[in-house]
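Spelled out from the first residue to the last, the chains are:
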Amino acid sequence: MSVSRYAGRVAVVTGAASGIGRAVAGQLAEEGATIVAVDISPVDLSALASVPGVEHDLVHTDVASADDVRRLAAVVAKRHGRVDVLVNCAGVHELGTAESIDDAQWERLIGINLTGTFWVCRSLIPLLTAPGGAIVNLASAAGIVSFPGNASYSASKGGVVALTKNLAIDCAARGVRVNCVCPYSIDGPMMDRHFTSQPDPAAARAAAERSTPMARLGQPQEVALAVAFLASADASYITGVALPVDGGYLAT
């Protein structure tokens, strides 16, 4: 793979301090992009500065705060003047049925996963290179099919899928493409938290591994590679797509 695919391009990645977001930031940086790494955790975000050979512009931001997101857009405009690639990876997961979810949990998941994605897109689309800009949102297999006890999470990620398709239509005339990826059971901090919340974490992990035809968890890097493809000129005629990165789960 050419390391120059993103040379001279500015990529904003939210949720960049850990998990899939960190893998995406690393992949785009490896391919030559200047990274604006965005996360709510200043401690975890600062750790990116120690990655050898990678220079990140670090911006502490809560995507669930409209004021924070407006400030992010102003910082990006001042420091870089434009955005070539926007990747919305910031997200959270909590279990709960419609009856068990309290107001705070619902508002938190919708606020970060869906409203946060919307606010970042709304604020940064004016800075996107047109034509040629690209947005990739992180949705989920749970945004396409249903899982027990995932009412708020599925609602938030289903909203991201629908938002992505609408943005793709609205942005097409400007030459800006908008797609999303829909991972399932990706190894990392979010899945670790899910497993440890179960009565038997080892059994929960084994069940997740068995649930896909490929019989394993995905790796953050595998999602990052899909994101890097969708955001690149190699995907120049692809927009409005919800791409599963799921080990074949949605094919079953």
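The structure under discussion appears in the preceding block.
Description of the structure in this document. (Residues numbered from 1 in each chain as written. Predicted model: local features only at pLDDT ≥ 70, side-chain atom pairs only at ≥ 80, totals over all residues. Heavy atoms only, no water.)

Bringing the overall build of the chain into the picture now. Assigned secondary structure in the chain consists of eight helices and seven strands. If you line up the chain on its principal axes, its C-alpha atoms span 50 × 40 × 40 Å. Of all 252 residues assigned to the chain, the portion counted as buried reaches 50%. Of the contacts made within the chain by residues no fewer than 6 positions apart, 69% connect residues no fewer than 24 positions apart. In the form shown here, the chain has an accessible surface area of approximately 11,100 Å², with 58% of it arising from carbon and sulfur atoms. The centroid of the 18 positive side-chain charges in the chain is displaced by 7 Å from the centroid of its 23 negative side-chain charges. (Helix = DSSP H or I, 4+ residues; strand = E, 2+ residues; numbered from the N terminus. Buried < 20%, exposed > 50% of the residue type's maximum accessible area, 1.4 Å probe, protein only. Contact = heavy atoms within 4.5 Å. Areas by Shrake-Rupley, 256 points an atom, 1.4 Å probe, with all protein chains shown as cover. Lys, Arg positive; Asp, Glu negative; His and termini not counted. Charge placed at Lys NZ, Arg CZ, Asp CG, Glu CD.)

As a packed pair, helix H3 (residues 66-79) and helix H4 (residues 103-124) sit with axes 9 Å apart at the nearest point and diverge in direction by 35°. The handedness of the crossing between H3 and H4 is right-handed. Contacts between H3 and H4 involve Ala-66, Val-69, Arg-70 and Ala-73 from the first element and Trp-119, Val-120, Ser-123 and Leu-124 from the second. Tallied by class, residues from the contact of H3 with H4 come to six nonpolar, one polar and one charged. (Axes fitted to C-alpha atoms, helices over the stretch in contact; angles between N-to-C directions. Left-handed = near helix turned anticlockwise from the far one by under 90°. Nonpolar A, V, L, I, M, F, W, Y, C, P; charged D, E, K, R; others polar.)

Turning our attention to the sheet that holds strand E7 (residues 242-245). Sheet strands pair by backbone hydrogen bonding; their relative direction is either parallel or antiparallel. Taken in spatial order, the seven strands make up an open sheet running E3-E2-E1-E4-E5-E6-E7, and their pairing is parallel. Either end of the sheet is taken by a strand with one partner, and the two such strands are strand E3 (56-60) and E7. Averaged over all pairs of adjacent strands, the angle between their axes in this sheet comes to 20°, without regard to strand direction. One ladder, built from five bridges, connects strand E2 (residues 34-39) with E3; its direction is parallel. Counterpart to Val-38 in the pairing with E3 is Val-59. With respect to the sheet, H3 is in contact with strand E1 (10-14), E2 and E3, its orientation differing from that of E3 by roughly 155°. Against the sheet, helix H5 (residues 151-171) makes contact with strand E5 (134-138), strand E6 (177-183) and E7, and its axis sits at roughly 160° relative to E6, the strand it touches most. (Pairing = 2+ DSSP bridges.)

Those residues of helix H8 (residues 220-230) that fall on the buried side of the exposure criterion are Pro-220, Val-223, Ala-224, Ala-226, Val-227, Ala-228 and Leu-230. The secondary structure elements touched by the buried residues of H8 are helix H1 (19-30), strand E4 (85-88), E5, E6 and E7.

Moving on, we get to unusual backbone geometry. Note that the residue after Ala-130, namely Pro-131, is joined by a cis bond; omega there is 5°. Checked against the element boundaries, Pro-131 lands in the loop between H4 and E5. Positive phi, normally seen in glycine, also occurs at Ser-185, with a value near 50°. Along the polypeptide, Ser-185 turns up in the loop between E6 and helix H6 (189-196). Positive phi outside glycine occurs at Ala-215, with the angle close to 55°.

With that settled, the discussion passes to the nonpolar core. Ranked by internal contacts, the top residues of the largest apolar core, which has 38 residues, are Val-12 and Leu-86. Looking at this core, the elements that each hand over two or more residues are E1, E2, H3, H4 and H5. For Val-12, the residues in contact, after removing those within four places along its chain, are Val-36, Val-38, Val-76, Val-83, Val-85, Leu-86, Val-87 and Leu-124. Grouped together as the second largest cluster of nonpolar side chains are 32 residues, Ala-16, Leu-45, Leu-138 and Ala-226 included. (Core = buried A, V, L, I, M, F, W, Y, C linked by side-chain atoms within 4.5 Å.)

Judged by how many residues are buried, E5 sits mostly within the fold: five of five residues are covered. Here E5 shows no split at all, with Ala-134, Val-136 and Leu-138 on one side and Ile-135 and Asn-137 on the other all buried. As paired elements, E5 and E6 share five bridges and run parallel to each other. Following the sheet pairing, Val-136 is matched in E6 by Asn-179.

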